[in-house]
Amino acid sequence: MRRLIIPIGCALLALHCSGPRSTVKPAASSSTSNPTAAPSGTIPSPDDTGDWVRPAKDFASTRFSGLDELTPTSASRLVVKSTFSTGVIRGHEAAPLVVNNTMYVVTPFPNFVYALDLTKPGTPVKWKYEPKPMGSAQGVACCDVVNRGAVYDNGTIFFNTLDNRTIALDATTGKEKWVAQLGDINRGETITMAPLVVKGKVLVGNSGGEMGVRGWLTALNATTGSLAWRAYATGPDKDILIASRFKPFYEKDRGQDLGIHTWPGEAWKQGGGAAWGWISYDPELNLVYYGTSNPGPWNSEQRPGDNKYTAGVFARDADTGEAVWFYQMSPHDLWDYDGVNEQVLVDLQINGAMRKTMLRADRDGYLYVMDRTNGQVLSADPFVHVTSTLGIDLQTGRPIENEAKHPSTGTVIRDICPAAPGGKDWQPTAYSPRTGYLYIPANNLCMDFEGVEASYIAGTPYVGANVHMYAGPGGNRGEFIAWDPVNRRKVWSIKEQFPVWSGVVVTAGGVAFYGTMDGWFKAVNAQTGEPLWQFKVGSGIIGQPVTYRGPDGHQYVAILSGVGGWSGAIVAGALDPRDGTAALGFVNAMKDLPSATTRGGTLYIFGLS
Amino acid sequence: MMRTTVLGIGVAALCIALVLSISPAAHDANVAAGPLKVCSDPNNLPFSNARQEGLENRIADLLARDLRTHVEYTWWAQRRGFLRNTLNAGLCDVVIGYPSGAEMVLTTAPYYRSTYVFVTRRARRLRIRSFDDPQLQRLKIGVQLIGDDGANTPPAHSLSQRGVVRNVVGYTVYGDYRTNSPPSAIVAAVARGDVDVATVWGPLAGYFAALQPVPLELLPVEPQVDNQFPQTFAISMAVRTADRARLQRLNQFLTNRHTEIAQILARYHVPLVEEGR
């Protein structure tokens, strides 16, 4: 039963840390006269008043704010304006919302919702809602107790609980409007994602692929909570809502009932493909976009085939849920490369023509620029060190396999990059139409599969690959990258000691904000990457910053601190650093995190002095 | 040739003797003070349940009797985080069944060793013993699934390495926690004929096979170590890594009571194997 001791070093290659500065005019620039004007090249939110009503800011998921009071000049004057302890110690991944001078915060399990009054000194609590998620079957929901945020629409706050409820609250009073039970925690299902409201429907996806669930995206009627439609990721076409409109761009994604035929036997029934990440919406095309998680709980050897429709991205009709196209980034995923990362919808000048594109910084380490009308990949370039594949074949849409890195339980494979958390995990990027750059909170992690490790669960011994993660080339485990998607290159980057597990916000004033796992909240010049300001918060940051116009007309920026999540489990879950394979091998790469930060959830609001 | 025997207990006793001979003589008077605090799954027969009907509940009772105290349970589903939230959080002091030599805990000398088995309906006369049996190419096979990336039950690995995948049905060990002892569904599936054969961890197979309406046959899988994948596992009691005095007391108990423990294991139909077979 002894685990093997794995040498964690790897050949360190010098990494280009900072490419040449861009001399190209941003493809999608916009007027700077109106600070709240929606940028051209992105889809305007109808409600951009300086509020922040959904985690991604707008339907296009740019996380770009038109506010411009915070600038490279003024940012050094940022000071703390208010703080608030959430009373919860697990990982805080949510984005606070700001609507009508009220801030809304949803916490990790037990999923409290707080409404804070921004008009009063000290931002006091207006109301608190406690959903009291099921705690009776202790330990049944094993690990992911995070929550990635709420969404506001039409006087209502919508959020999900770990025990699979979607709840609608009156935004003014905190009174429950309706509760919808969407899944069962006793069968391994949980919900951790932030819902999105589109045209009167609340879109929600499940988590729990590795527990044997079958992934789905569900639409609820926003006024009643009743089911509008549910689209599965595996099984027969009718369950996936695949019908006559379904036209994938690539041959590999076409065919009848691929949700059955790309699996052996009945493996699709426990095929994963959960939709635990982000959803974007294009009102003009009336399409919603979201990704599906990796196939599970089968080993790759047990599921020959492409394992549709996991580890890919769907475009669906926003009203009916009918699938319009699908593109699979990782056919027959070998590396736990979930496809759930956000899609940023921007119109870009590509090879001389304006294209409706979608930017995806995927777990597989590639930055995909795709045509969002049809799912064509226009370019796919590695934004981190990648060895697991040799590139993306734009003719077939398939990754070019690197057979030398294919895992087989019991064999030794080293230097698989990126590691399972990917070049970027769930932590969302931001796009500025002013600079034309995508800001990527990235991981620089590689992993080894070595030998066989035995473990025990529910009275049953089992064995698996002994997975260890460690820093990739350069020795830094994280990197904050400004990427030019038109010229397909890194413009500048900032190396970080730990994986950058926070979201990003970027502003018309030319400032980008992000946080680090050791607890620094940072402002950098969006054009150059020059550090402008930083503040040490109480616990490591894995949340999503937001910026908004306060009741006094001034610009504020807010962030939840509170380390945890997969990367921070060693602190939030008090895991033993000697057990390098805990948290699926992530603990090995994070052994020094407990000495860098401690746990505990606190909201910070910053403004100019 | 593999047979299911109770000889493993003898080996365990030998191990215990060896451990005792080199253990420091430290004796902690606090070991026996207060109730016996056991960390246990409330819904996981044949090992344990909240009604205390499992073999580990019986062994805990026996231990408490020796310590002249009573058992106090901390109930927690035995999933990822079980040790962290129970034993290593200080809520309880002993896990009755845990793999010998596991990290993050101290484990006693093994008190039994079991094996994965092929479970079939006796009337079918399939007599499958080996992963190389050609019948496995065409029969419908149930396997227990785990779901960590790259991790699964050893027979699931062994079958997939032989290309036996298209005729395999998965039963997660998590199951549906609202039902009784969720991992047991795979044994009922064989009895019902949902699958022709299933590979199941011995103690689970033994206990639930005896409860089915039709006779089932259990044969240990071969080879016992298949291309790096062990199919047999020794089971110990576990305590916190710093709890050496308690460990010594438990080792004494296992030596003193090995006959009674063997009787409990037999009563729950646990298939036992010898070390190193």
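Worth saying up front: this structure is predicted, and the values here are computed from it rather than measured.

1. Describing the confidence of the model for chain A
The share of residues in chain A with pLDDT of 70 or more is 90%, and the mean pLDDT across the chain is 89. For the stretch residues 1-47 of chain A, pLDDT sits under 50, and the model shows 118 contacts to residues farther than four places along the chain or on other chains.

2. Focus on the pattern of salt bridges
Applying the stated criterion to the full structure yields 46 salt bridges over all chains. Measuring nitrogen to oxygen at the nearest pair gives 2.6 Å for the salt bridge that ties A:Asp306 to A:Arg398. Taken together, the residues span a long stretch of sequence, with A:Asp306 in the loop between strand S16 (287-291) and strand S17 (312-317) and A:Arg398 in the loop between strand S23 (389-392) and strand S24 (399-401) at a distance of 92 residues. The class of A:Arg398 is partly exposed, set by a relative accessible area of 30%. Of the charged contacts, one joins B:Arg162 and B:Asp226 as a salt bridge, the two residues approaching to 2.9 Å between their closest N and O atoms. Taken together, the residues span a long stretch of sequence, with B:Arg162 in the loop between helix H4 (154-161) and strand S10 (168-172) and B:Asp226 in strand S13 (residues 225-226) at a distance of 64 residues. Classification of B:Asp226 as buried rests on a relative accessible area of 5%. Within the structure, one salt-bridge network assembled from shared partners comprises A:Lys252, A:Asp253, A:Asp306, A:Lys308 and A:Arg398.

3. What about the packing of aromatic side chains?
The description of an aromatic ring pair rests on the distance of the ring centres and on the angle between the ring planes. Residue and element names in this part refer to chain A. Counting across every chain of the model gives 42 aromatic pairs over all chains. Taking 6.4 Å as the distance between ring centres and 40° as the angle between the ring planes, the aromatic pair formed by Trp 335 and Tyr 337 counts as tilted. An identical accessibility class is assigned to Trp 335 and Tyr 337; each is buried. Taking 5.8 Å as the distance between ring centres and 20° as the angle between the ring planes, the aromatic pair formed by Phe 513 and Phe 521 counts as stacked.

4. Comments concerning the sheet that holds strand S36 (residues 546-549) of chain A
Residue and element names in this part refer to chain A. Here we have four strands laid out as an open sheet, ordered S2-S38-S37-S36, and antiparallel in their pairing. A single partner strand is all that each edge strand has here, and the edge strands are strand S2 (78-85) and S36. Between one strand axis and the next, the sheet turns through 25° on average, direction left out of account. One ladder, built from six bridges, connects strand S37 (residues 555-561) with strand S38 (residues 602-608); its direction is antiparallel. Paired with Leu 560 across the strands is Leu 603, a residue of S38.

5. Structural notes on the sheet that holds strand S12 (residues 201-205) of chain A
Residue and element names in this part refer to chain A. Read across the open sheet, the four strands follow the order S11-S12-S13-S14; overall the sheet is antiparallel. In the strand order of this sheet, the two ends are held by strand S11 (196-198) and strand S14 (227-232), each with one partner. Ignoring strand direction, the axes of neighbouring strands in this sheet form an average angle of 20°. Bridging between S11 and S12 involves three bridges; their strand directions are antiparallel. From the neighbouring strand, Val 198 faces S12, where its bridge partner is Lys 201.

Thresholds, definitions, all that
- Residues numbered from 1 in each chain as written.
- Chains lettered and ligands numbered in written order.
- Predicted model: local features only at pLDDT ≥ 70, side-chain atom pairs only at ≥ 80, totals over all residues.
- Heavy atoms only, no water.
- pLDDT = per-residue confidence, 0-100.
- Contact = heavy atoms within 4.5 Å.
- Salt bridge = Lys/Arg side-chain N within 4 Å of Asp/Glu carboxyl O.
- Helix = DSSP H or I, 4+ residues; strand = E, 2+ residues; numbered from the N terminus.
- Buried < 20%, exposed > 50% of the residue type's maximum accessible area, 1.4 Å probe, protein only.
- Phe/Tyr/Trp six-rings, centres within 6.5 Å; stacked < 30°, edge-to-face > 60°.
- Pairing = 2+ DSSP bridges.
- Axes fitted to C-alpha atoms, helices over the stretch in contact; angles between N-to-C directions.

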